[in-house]
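What the coordinates show
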Amino acid sequence: MKYTTLVFFPLMFLGVFSENINGDVSLNINNSGLLVAVNATQWPIIYSPEYNIGFLGLEKLHPFDSGKWGKIFEFLKEEGMVRDDTVVTPAEAAESDLMVVHPKAYINSLKHSINVAGITEIWPLALLPNFVVQKKVLRPFRFQTGGTVLGGMLAMERGWAINLGGGFHHCSRERGGGFCAYADITLAIKFILHKHPGSKVMIVDLDCHQGNGHERDFMHNENVYIMDCYNRNIYPHDGFAKKAIRKKVELDHFTEDKEYLGLVERNLEEALGEFTPNIVVYNAGTDILVGDPLGNLSITPKGIIQRDEMVFEKVRKRNIPILMITSGGYLRESARIIADSILNLKQKQLISCIEAENAPLPQNTDFHLSSDFS
């Protein structure tokens, strides 16, 4: 998602994220409140108003549109695709959930506002009491993290899911940075591997920045295949993490639609030929958009919509579940483009939910949920 290398866990070490799940972590997953029940009349689209960040105008000190997620949802509502009752509301990731991935020491490091200020690159946060930072910044991140975990399970059940937030691909188990405080991708995959033993996962990271967080976490893990397509000239320049990439596509500044889409198509076909996953986690950053101040690529809105359609078409025709997360995108136009892309996926019949489209208007707001992931 973002740009300057930041490390805030003082005891960080460079190591392989263990695939073995100990008893405490297994218990945390089994007792997690993140795997909420979902009604058949709900789209596997995950969103909560709690995703959005905003207080005292401080969010304006960062180029990220901190209300992007709510705008995507409102655009989808305006187009008549979803209603409040036909999308899935995630739970906030609790500390026990986060500890499936993160050491206690890292979580404790976020109780110091200066560390959160560095991760988000909103430096005035360092001057605020941590309870304010927790409520106004980290809580939205925890809800989005919960949405990514739930999305992975929904995709395995329904064939696809979209979390309108998430995609914190610069955060690994022991380090945060680039506006990424929690390793939601790693966490979602750990839940999938626990609930579906023996599964294989492919990460297709098409945010314009290298996804060094999940790369560090799954270094040498044969059950997780990473394809990463990014601008080689920008943050994070993480040479160690690049060792985990099995299909690497490095772009130059100002790459345009034709070259970009050709590279993505060819390399995705090769990746799917080399590795057969049980699910694809698609990190669909829109910071590739022309004019994005941090991406430095030149992809048009039409090119982004074509990219998302291409990924869904190639994955879904193979009957592989896919989870899409929205990740980076620093222009105000990003929300509209993401919404238009989701609408295009629906129009092209790459995503559908007949029950949600035909759901009767609710008589009240007390919804009774049915599906169970336990």
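Residue positions are given per chain, counting from 1 as you read along its sequence in written order. Only residues with pLDDT of at least 70 are given local features in this predicted model, and only at 80 or more are side-chain atom pairs given and counted; all residues enter the totals for whole chains, interfaces and linings. Excluding hydrogens and water, the side-chain values take into account all heavy atoms of the structure.

Per the convention used, a helix needs a DSSP run of H or I reaching at least four residues, while a strand needs a run of E reaching at least two, with both numbered from the N terminus. Helix and strand counts for the protein come out as 13 helices and 7 strands. In what follows, residue pairs with any heavy atoms lying within 4.5 Å of each other are defined as contacts. The contacts of the protein with a sequence gap of at least 6 include a subset with a gap of at least 24, amounting to 77%. Every accessible area reported is derived by Shrake-Rupley at a probe size of 1.4 Å, with residue values counting cover from the shown protein chains alone. Of the roughly 14,300 Å² that the protein leaves accessible, carbon and sulfur atoms contribute 51%.

Under the pairing criterion, centres of Phe, Tyr and Trp rings, with the six-membered ring standing for Trp, must be within 6.5 Å; the plane angle then separates stacked pairs below 30 degrees from edge-to-face pairs above 60, leaving the rest tilted. Under the counting rule described, the total for this entry stands at 7 aromatic pairs. Residues Phe141 and Phe179 carry aromatic rings whose centres are separated by 5.4 Å and whose planes lie at 80 degrees to one another, so their mutual orientation is edge-to-face. Placement of Phe141 in helix 6 (residues 130-158) and of Phe179 in the loop between strand 2 (160-163) and helix 7 (184-195) is noted, with a sequence separation of 38 residues between them. Each member of the pair, Phe141 together with Phe179, is buried. Taken together, the aromatic side chains of Tyr47, Tyr51 and Phe73 make up a single cluster linked through ring pairs. Its end group placed over the ring of Phe75, Arg336 keeps NZ or CZ at 4.3 Å from the ring centre. Burial classes follow relative accessibility: with a 1.4 Å probe on protein chains only, a residue under 20% of its type's maximum area counts as buried, one over 50% as exposed, and anything between as partly exposed. Working rule: Lys NZ or Arg CZ, within 6 Å of ring centre, within 35 degrees of ring normal, means a charge sits over the ring.

When pLDDT is averaged across the protein, the result is 91; 88% of the residues are at 70 or more. Every residue gets a pLDDT, meaning the predictor's confidence in that residue, from 0 to 100. Ignoring residues within four places in sequence, the model shows residues 2-21, a span with pLDDT below 50, making 61 contacts including any to other chains. Low confidence marks residues 367-371, where pLDDT is under 50. Its contacts with residues over four positions away, or in another chain, come to 14 contacts.

Fitting a line to C-alpha atoms yields each axis, with helices limited to the stretch in contact; the angle taken between N-to-C directions then spans 0 to 180 degrees. Where helix 2 (residues 68-78) meets helix 12 (residues 334-347), the axes come as close as 8 Å, and the angle between the chain directions of the two elements is 45 degrees. Considering their axes alone, helix 2 and helix 12 lie oblique with respect to each other. The crossing of helix 2 and helix 12 is right-handed. From helix 2, Lys68, Lys71, Ile72, Phe75 and Leu76 reach across to helix 12, where they touch Ser334, Ala335, Arg336, Ile338, Ala339, Ile342 and Leu343. Gly is placed with the polar residues, together with every amino acid not listed as nonpolar (Ala, Val, Leu, Ile, Met, Phe, Trp, Tyr, Cys and Pro) or charged (Asp, Glu, Lys and Arg). By residue class, the composition of the contact of helix 2 with helix 12 is 8 nonpolar, 1 polar and 3 charged. Any angle from 65 to 115 degrees is called roughly perpendicular, while one under 35 is roughly parallel, one over 145 is roughly antiparallel, and all others are oblique. Helix crossings fall into two classes, left-handed where the near helix is turned counterclockwise from the far one by less than a right angle and right-handed where it is turned clockwise.

Every case where a carboxyl oxygen of Asp or Glu lies within 4 Å of a side-chain nitrogen of Lys or Arg is listed as a salt bridge. Counting across every chain of the model gives 24 salt bridges. For Asp340, the salt bridge is made with Arg336, and the minimal N-O distance between the two is 2.8 Å. One end of the pair, Asp340, and the other, Arg336, are both in helix 12, 4 residues apart, so they sit about a helical turn from each other. Here Arg336 falls in the partly exposed class, since its relative accessible area comes to 26%.

Let's shift gears to helix 11 (residues 301-316). Over its 16 residues, helix 11 extends 23 Å from the first C-alpha to the last, a length consistent with the 22 Å expected when each residue adds 1.5 Å. Residues of helix 11 that are buried make contact with strand 2, helix 10 (257-274), strand 6 (279-283), strand 7 (322-325) and helix 12. By definition here, a helix of n residues has an expected span of 1.5 Å times n minus one.

In this section: the pairing of strand 6. Taken residue by residue, a regular strand's side chains alternate between the two faces of the sheet. Counting buried residues along strand 6, 5 of its 5 residues qualify, which places the element largely inside the surrounding structure. With burial as the criterion, each face of strand 6 is covered, one bearing Ile279, Val281 and Asn283 and the other bearing Val280 and Tyr282. Should DSSP find at least two bridges between two strands, the strands are regarded as paired. Note: strand 6 against strand 7, 4 bridges, orientation parallel. By the bridge assignment, Asn283 is partnered in strand 7 with Ile325.

In this section: the side chain of Asp308. On the secondary structure map, Asp308 appears in helix 11. The class for Asp308 is buried, based on a relative accessible area of 2%. Setting aside its immediate chain neighbours within four residues, Asp308 contacts Tyr282, Ala284, Met324, Ser341 and Leu345.

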